[in-house]
Amino acid sequence: MTDARNNRFATRLRSALLAGLMTVAFALPAAALADADRWVIDPDHFAVGFLVDHAGYAKVMGMFLEAEGEFTFDPDSGELEGGFFVVQTDSVFTNHAERDDHLRNEDFLHVEAYPEMRFTATRYQPTGENTGRLSGGLELLGETRTIHLDVTINKVGRYPFPLGGLFGRPYVLGASMRGSFNRSDFGMTYGLTRDIVGDEVELIIEFEAQRQ
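Keep in mind that this is a model prediction, so the values were computed, not measured. (Residues numbered from 1 in each chain as written. Predicted model: local features only at pLDDT ≥ 70, side-chain atom pairs only at ≥ 80, totals over all residues. Heavy atoms only, no water.)

### Quick word on the confidence of the model for the protein
No. 1: In this model, the protein carries an average pLDDT of 86, and 81% of its residues clear a pLDDT of 70 or more.
No. 2: Predicted confidence is poor over residues 1-36, with pLDDT under 50, and the contacts of this stretch with residues over four places away or in other chains come to nine contacts. (pLDDT = per-residue confidence, 0-100. Contact = heavy atoms within 4.5 Å.)

See the structure below:
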């Protein structure tokens, strides 16, 4: 076989192989081409807020400015394999500098000894087409207690524009979560006896997570 014929044969072989690979790729579902189950929460679209009663007059609204997390979840089946989110406790913000400093000291979050608050998911139980109940362990002040969060999955799909300069648009899951716990369960009892600060902490969590 001459060099010219060898070259033509090699070119046709490469073309055939490429066409076959493209056919297989387009025939496979998207989940088979990528790890569709692991989701990383976008820190720029992650809000962890709270409400606590103040002497019966009104509730103080605050949030944590630094948090991250990820989870392994199939939105079609509602199956959760695991997940977590971590909050930097010294990032607490209630729009009042003196109160924020107080929240950081030993009376409340004691951030020097416990710089992180962590939630580790253990179970997700669907309650509707786009709703569910997430259970897990909340670790705060060295104690871990089980809490429950009501979840609404707002939207799952291709993002309308690129994020962070990425090439292409990521696949995103957006959700809202609500729950509560008693801070006294973690040994945080400041202000309880005089009813200055409420025991119940209401949680407000909003996030967008990108499929990896």
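### Digging into the pattern of salt bridges
No. 1: Evaluated as defined, the whole model comprises six salt bridges.
No. 2: In this structure, Lys-59 and Glu-202 form a salt bridge, with 2.2 Å as the shortest nitrogen-oxygen distance. Here the residue Lys-59 occupies a position in strand β2 (residues 58-64), and Glu-202 occupies one in strand β10 (residues 197-211), the gap between them amounting to 143 residues.
No. 3: With its nearest N and O atoms 3.2 Å apart, the salt bridge here joins Arg-104 to Asp-101. Note that Arg-104 and Asp-101 are positioned in helix α3 (residues 97-104) at a spacing of three residues, about one turn of the helix. (Salt bridge = Lys/Arg side-chain N within 4 Å of Asp/Glu carboxyl O. Helix = DSSP H or I, 4+ residues; strand = E, 2+ residues; numbered from the N terminus.)

### Focus: the side chain of Ser-135
No. 1: Residue position: Ser-135 is located in strand β7 (residues 131-140).
No. 2: In this structure Ser-135 touches Phe-119, Thr-120, Ala-121, Thr-122, Arg-123, Ile-147 and His-148, once residues within four positions along its chain are discounted.

### With respect to the nonpolar core
Soluble, globular proteins show a tendency: their nonpolar side chains are buried together.
No. 1: Counting residues in hydrophobic clusters, the biggest one holds 42 residues, and the most contacted among them are Phe-71, Leu-134 and Phe-207.
No. 2: Of all elements in the fold, only β1 (38-54), β3 (67-74), β4 (79-88), β6 (116-126), β7, β8 (143-158), β9 (171-182) and β10 reach the threshold of two or more residues within this core.
No. 3: Residues within four places of Phe-207 in sequence aside, it is in contact with Ile-41, His-45, Phe-46, Phe-71, Leu-173, Gly-174, Ala-175 and Met-177. (Core = buried A, V, L, I, M, F, W, Y, C linked by side-chain atoms within 4.5 Å. Buried < 20%, exposed > 50% of the residue type's maximum accessible area, 1.4 Å probe, protein only.)

### Some points on the packing of aromatic side chains
No. 1: Summed over all chains, the structure comprises 12 aromatic pairs.
No. 2: Here the aromatic rings of Phe-181 and Phe-186 are separated by 5.4 Å at their centres, their planes lie at 80°, and the arrangement is edge-to-face.
No. 3: Residue classification places Phe-186 among the buried positions, given a relative accessible area of 4%.
No. 4: Members of the aromatic cluster, each reached through a chain of ring pairs, are Trp-39, Phe-46, Phe-71, Phe-73, Phe-85, Phe-119, Tyr-124, Tyr-171 and Phe-207.
No. 5: For Arg-211, the ring lying beneath its charged end belongs to Tyr-171, and the centroid distance is 4.1 Å. (Phe/Tyr/Trp six-rings, centres within 6.5 Å; stacked < 30°, edge-to-face > 60°. Lys NZ or Arg CZ within 6 Å of the ring centre and 35° of its normal.)

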